[in-house]
Structure formats: C-alpha cells, structure tokens
2 protein chains.
Amino acid sequence: MIRLHDNLSSGNGYKARLLLAQLGVPFERVEYDIDRAETRTPEFLRMNPNGRVPVLELEDGRFLPESNAILFYLAEGTPFLPDYRFGRAQVLRWTFFEQYSHEPNIASPRYWITHNLPMTEERRVTLEPKRRLGYAALGVMEGHLKDRKFFVENRYSIADIALYAYTHVADEGGFDLGRFPSINAWLKRVAAQPGHVPITWG
Amino acid sequence: MIRLHDNLSSGNGYKARLLLAQLGVPFERVEYDIDRAETRTPEFLRMNPNGRVPVLELEDGRFLPESNAILFYLAEGTPFLPDYRFGRAQVLRWTFFEQYSHEPNIASPRYWITHNLPMTEERRVTLEPKRRLGYAALGVMEGHLKDRKFFVENRYSIADIALYAYTHVADEGGFDLGRFPSINAWLKRVAAQPGHVPITWG
C-alpha cells in the first residue's frame, strides 16, 4: 500500500491527502511531529534529505518528496491533469506560483500562530512584508478567477488543489479573505468537488 | 518565432535561455529593467499578473510564466526530460526544491549585492537565516551528488539546468562553494554539456 509521511496540520500534506482521497487510492498515513523535529532524524532524512513532509512512499519502497511533485505524479493519466502539453505547463505554472509567491507568505504566518512559535526578530521583521506579498498573491488569484471557474481551462485540476490547501485556511494566519469575492466563490466550488475531504481528514 | 521576456542578470531567465540554446530553438529576447519596475507595467502584467520574468511567449501569442514551468514545457518529448512517470516526478521534485529551498536563499542575497540595493532592516535581519538555509540547500545537493553524475537517473536533465542557474553564481551572493566538492564536479559536468552557453549569453 502507498504510504504518506505527513503532518496533519500541513497544507502541503493535505494536497496529497485530498488528491489520494479523490482518486480513491487507499494509503497509510504516518504522522510526524514537526515541532519535535521528527522530520530531521537520520531515518527521515534518508527518505527526504531536505527534512520536510510530505513524502510519498511507493509500494516498491521508492520515495518522492515535494507536495506539488507528488500531485503531478499521482495525477498523470487522470482527469486531475490536462492530457495536452500547454495545459500541463499551465498547471505547473500555478503550482510553482504557489510554492514561490503564495505558500512562503501565507502558510508561514499561519504556522507561527497555530503552533504558538515565539515572535523572534526575524518573524517580527518579515511578518509585514509577508503580509504584503501574501495579499499580492491573493490579488493575482482574484484577478485570474474573475472570469474563470478553475485555474486551468475551467476544469478542476491539481492546480486548484495546490492553491486551495493554504488559501482556505489563510484566515488562520491573519489574512482577511473578505475582500476577494472570486476567491471565495472558487473555494466553494473546490469544496463541492466529488470526494472532497477537509484538511483534518487523514 | 518564440519570444522570451527576460532580464539578462536573472538566473531564472538563464534557465530558459540555456535550454532553448541546447534545443537549438531560435528565439527573440526582450529585455526588461527590473530595477526600474519594467515588469510591473500594465503591459507586462497582462502577460504575467505576478510581474516577474521570465515569460515565454509562444508563436500563437499565448504566455507562460514561471521558469521551471517553461523548462518543463520546452523539454517535454526531448532528452532533457525523462520519458517515464517516476523520472518526470523526480525532475519536478528537484525543481520545486530549487524554487522553495534554494532560490529564495541563494539568489536573493546575490540580487541585493549585484544590484546595489540598500540594506534595509528586512534584508539585514533575513540575511543570516538565508545564509543558513542556503548552505543547508547546498548540503542537500552535495549529499545527493556524492555518488551521482546528475540529479535524476545519472542523466543531464532540466533538473540540472534549474539548479545550475543560481548555484554556479552563488559566490556573487557571498556563498563559499569551496566546501562542496561534489557540487563543483557537477558544475563542471553541466558546463561541459553540448550547446552550453554562459548566463551572459542572450
């Protein structure tokens, strides 16, 4: 059986859980306590030397880190990934946008707050820039969704899963989603997809 | 003809230039002055609402932002991308690693230094964490390359191009590559590939 090395509060882990659920692929979940550095043990670093969840473990024992690489791997050949070249490239474009411009600014404050981390000088100084860049990323999403139902070709895909993961809990990091009507309508459409599960499911 | 909206000092732009050169695809390059916010004009934002180079403009006028999505798009069906599912996933795994754990820590200090940007409080406070995380990313690469010639399946691919772009100029951001012998041997192997061009080419 496929195994997912994971942390239940992680939006990156949720991406894999949500897609596995919607694909109907049974999997075993192994939980790691990030706050206790359980992803930095020698055993974990053998699976992912970068020390981060999620890691997908295939039935033959091979390991695949990086949430959006896991999404792409699982989605190939399914309706969750376009079957033509430019469609795949657009999906990747939005998943790279997610990891570079969205996740570091929107997920980090949520992590600091929900895990009760101390407000170090670094966190204090970077919170305001992260807030600004996070709202800018949400603005890019809002503009794109104004006349679209989903991110790529008006069809639900792993681009939506990748961006849904941390957007739908952005308020936990202090972001006000009230000013983004198109994002809110899209969040509802994603949550209404067949087989949808919440971030707490696993 | 394909058009690349670009900035010559950008490692992300260099990824596309290098692959286009090695594929023998002719293209026209359009240069934007990042320091003068030429990627934030209404005209540019119509191509990429995220306001960043590079953007690939196809012959039919469609636009594709995000350097690693551009690499994947151009490499599909060529020897620069594995033709089997787990190989593609591994390539994506390393390109997501590059954008999340490598580029923000290694490219940003280089940008601040080479563009003579003022040392704001944010830059002062984040420089040391970025240094630490950048060295950690280089450590992950060093460990992976200890017994491998290239990042995926011992074959040169866009994973190598993505990681080469900012690693080979990491010294310009104050990183000492002297302590990473496997990375240095890999940099030489990448630079010896047929059709290789330097970051200044375009």
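Residues numbered from 1 in each chain as written. Chains lettered and ligands numbered in written order. Predicted model: local features only at pLDDT ≥ 70, side-chain atom pairs only at ≥ 80, totals over all residues.

Asks: What exactly am I supposed to notice about the packing of helix H4 (residues 85-114) of chain A against helix H4 (residues 85-114) of chain B here?
Replies: Pairs of packed helices are described in terms of their axes, by the angle between the two and the distance that separates them. Where H4 of chain A meets H4 of chain B, the closest approach of the two axes is 8 Å, and the angle between their N-to-C directions is 35°. In this structure, H4 of chain A crosses over H4 of chain B, and the sense of that crossing is right-handed. Residues Phe96, Gln99, Tyr100 and Pro104 of chain A of H4 of chain A pack against Phe96, Gln99, Tyr100 and Pro104 of chain B of H4 of chain B. (Axes fitted to C-alpha atoms, helices over the stretch in contact; angles between N-to-C directions. Helix = DSSP H or I, 4+ residues; strand = E, 2+ residues; numbered from the N terminus. Left-handed = near helix turned anticlockwise from the far one by under 90°. Contact = placed C-beta atoms within 7 Å.)

Asks: Help me understand helix H6 (residues 158-167) of chain A in this model?
Replies: In an α-helix, one turn spans 3.6 residues, which is why side chains three or four residues apart end up on the same side. Residue and element names in this part refer to chain A. Counting buried residues along H6, 10 of its 10 residues qualify, which places the element largely inside the surrounding structure. Listing the buried residues of H6 in full gives Ile158, Ala159, Asp160, Ile161, Ala162, Leu163, Tyr164, Ala165, Tyr166 and Thr167. Close packing links the buried residues of H6 with helix H1 (11-23), helix H3 (67-75), H4, helix H5 (121-145) and helix H7 (181-191). (Buried ≥ 20, exposed ≤ 12 C-beta atoms within 10 Å, placed from the backbone.)

Asks: Please clarify how the relation of the copies chain A and chain B should be interpreted in this entry.
Replies: The second copy of the chain is related to the first by a rotation about an axis and a shift along the axis. If you rotate chain A by 180° and push it 0.0 Å along the axis, it lands on chain B with an RMSD of 0.0 Å. Here the symmetry operator amounts to a two-fold rotation axis. When each C-alpha of chain A is compared by its distance to the rotation axis, tyrosine 100 of chain A comes out closest, at 3.0 Å. Mapped onto chain B, 100% of the interface residues of chain A are again interface residues, and the two copies thus contact each other with one and the same surface. (Least-squares fit on C-alpha atoms with pLDDT ≥ 70 in both.)

Asks: Is there a simple way to explain unusual backbone geometry in this structure?
Replies: Outside of glycine, negative phi angles account for most residues, and trans bonds account for most peptide bonds. Residues valine 53 of chain A and proline 54 of chain A are joined by a peptide bond in cis, for which omega reads 0°. Tracing the backbone through its elements, the reader meets proline 54 of chain A in the loop between helix H2 (42-47) and strand E3 (55-57). One non-glycine residue, alanine 37 of chain A, adopts positive backbone phi at about 60°. Counting through the fold element by element, alanine 37 of chain A comes out in the loop between strand E2 (27-31) and H2. The backbone of asparagine 154 of chain B shows a phi angle near 55°, a positive value even though the residue is not glycine. On the secondary structure map, asparagine 154 of chain B appears in the loop between helix H5 (121-145) and helix H6 (158-167).

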